[in-house]
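An overview of the molecular structure
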Amino acid sequence: MEKVQELAFKLHDLLLNSEEYKKLKEMESMLNKDSVSFMLLKKYHDLQEKYSFDKTEDMLKELHKVKLELDNNKNVIEYKKAYKEYQLLVGKITDIVFEDFSNPSILDRIVRAK
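Our subject in this report is the structure included herewith. Just so we're clear, the structure is a prediction, and the values are computed from it rather than from any experiment.

Cut-off values and rules
Residues numbered from 1 in each chain as written. Predicted model: local features only at pLDDT ≥ 70, side-chain atom pairs only at ≥ 80, totals over all residues. Heavy atoms only, no water. Helix = DSSP H or I, 4+ residues; strand = E, 2+ residues; numbered from the N terminus. Contact = heavy atoms within 4.5 Å. Phe/Tyr/Trp six-rings, centres within 6.5 Å; stacked < 30°, edge-to-face > 60°. Buried < 20%, exposed > 50% of the residue type's maximum accessible area, 1.4 Å probe, protein only. Expected span 1.5 Å × (residues − 1). Arc of directions from axis to C-beta. 1 Å grid on protein atoms, 1.4 Å probe; cavity = no way out; pocket = protein on both sides within 12 Å on 5 of 7 lines; lining within 4 Å. Points joined across faces, edges and corners; volume = space filled by probe spheres on them. Nonpolar A, V, L, I, M, F, W, Y, C, P; charged D, E, K, R; others polar.

1. Observations regarding the side chain of asparagine 73
With respect to the helices, strands and loops of the structure, asparagine 73 is situated in the loop between helix H4 (57-71) and helix H5 (74-102). If we skip the residues at most four places from it in the chain, asparagine 73 touches Asp34, Val36, Ser37 and Leu40.

And the structure:
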């Protein structure tokens, strides 16, 4: 068990030092530093919260308008790209690590069928 945990910590460190993670953190920092992007994200989040309580057509239009601005914001686009690349890496690792556990054996399928 100790060896498995040790390897998990090593994998954690490797992920933290991966180019994908570094790029994600760089893009996250850029979003936080860019006042236009940051304010758009904040406005969108605030509108989402308001919309959950006040589902009017005007509120929905405003939400869509801000979402469109976000979707066309260069820094948001770059952040989404970096996030997707990082998620692909994590997904591949998850598939490799848990491949044997996600495919039930024939015996498991027989037992479940009963």
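Moving on from the model shown.
2. Side note on the packing of aromatic side chains
Using the criterion set out here, one finds two aromatic pairs in the structure. Centroid distance tyrosine 21 to tyrosine 86: 5.5 Å. Interplanar angle 55°. Geometry classified as tilted. Of the two residues, tyrosine 21 sits in helix H2 (residues 19-33) while tyrosine 86 sits in helix H5, which places them 65 residues apart along the sequence. Note on tyrosine 86: relative accessible area 14%, which makes it buried. Centroid distance tyrosine 79 to tyrosine 83: 6.2 Å. Interplanar angle 25°. Geometry classified as stacked. With tyrosine 79 and tyrosine 83 both in helix H5, this residue pair falls four residues apart, about one helical turn. Classification of tyrosine 83 as partly exposed rests on a relative accessible area of 40%.

3. Some remarks on H4
Compared with an ideal rise of 1.5 Å per residue, which puts 15 residues at 21 Å, H4 spans 21 Å between its outermost C-alpha atoms and is within 8% of the ideal. Within H4, the full set of buried residues consists of Met59, Leu63, Val66 and Leu70. All buried residues of H4 project into a common sector of 70° when viewed along the axis, lining one side. When the buried face of H4 is taken as reference, the exposed residues oriented beyond 90 degrees from it are Glu57, Asp58, Lys61, His64 and Leu68.

4. Considerations on H2
With 15 residues, H2 extends 21 Å from end C-alpha to end C-alpha; this agrees with the ideal 21 Å at 1.5 Å per step. All of the buried residues along H2 are Tyr21, Leu24, Met27 and Leu31. Summarising the axial view, the buried residues of H2 lie within an arc of 125°, below the 170-degree limit, and thus occupy one face. With respect to the buried face of H2, the exposed residues turned more than 90 degrees away are Glu19 and Lys33.

5. Looking at the layout of surface pockets
The calculated volume of the largest pocket comes to roughly 210 Å³. When contributions to the lining of the largest pocket are tallied by element, the ones reaching two or more residues are helix H1 (2-16) and H5. Counted by class, the lining of the largest pocket contains nine nonpolar, one polar and no charged residues. Counted as a void, the second largest pocket has a volume near 150 Å³. Every residue along the wall of the second largest pocket is listed here: Leu31, Leu41, Tyr44, His45, Gln48, Lys67, Leu70, Asp71, Val76, Tyr79 and Lys80. Among the secondary structure elements, those contributing two or more residues to the lining of the second largest pocket are helix H3 (35-53), H4 and H5. Ranked by the residues each element gives to the lining of the second largest pocket, the list is headed by H3, at four residues.

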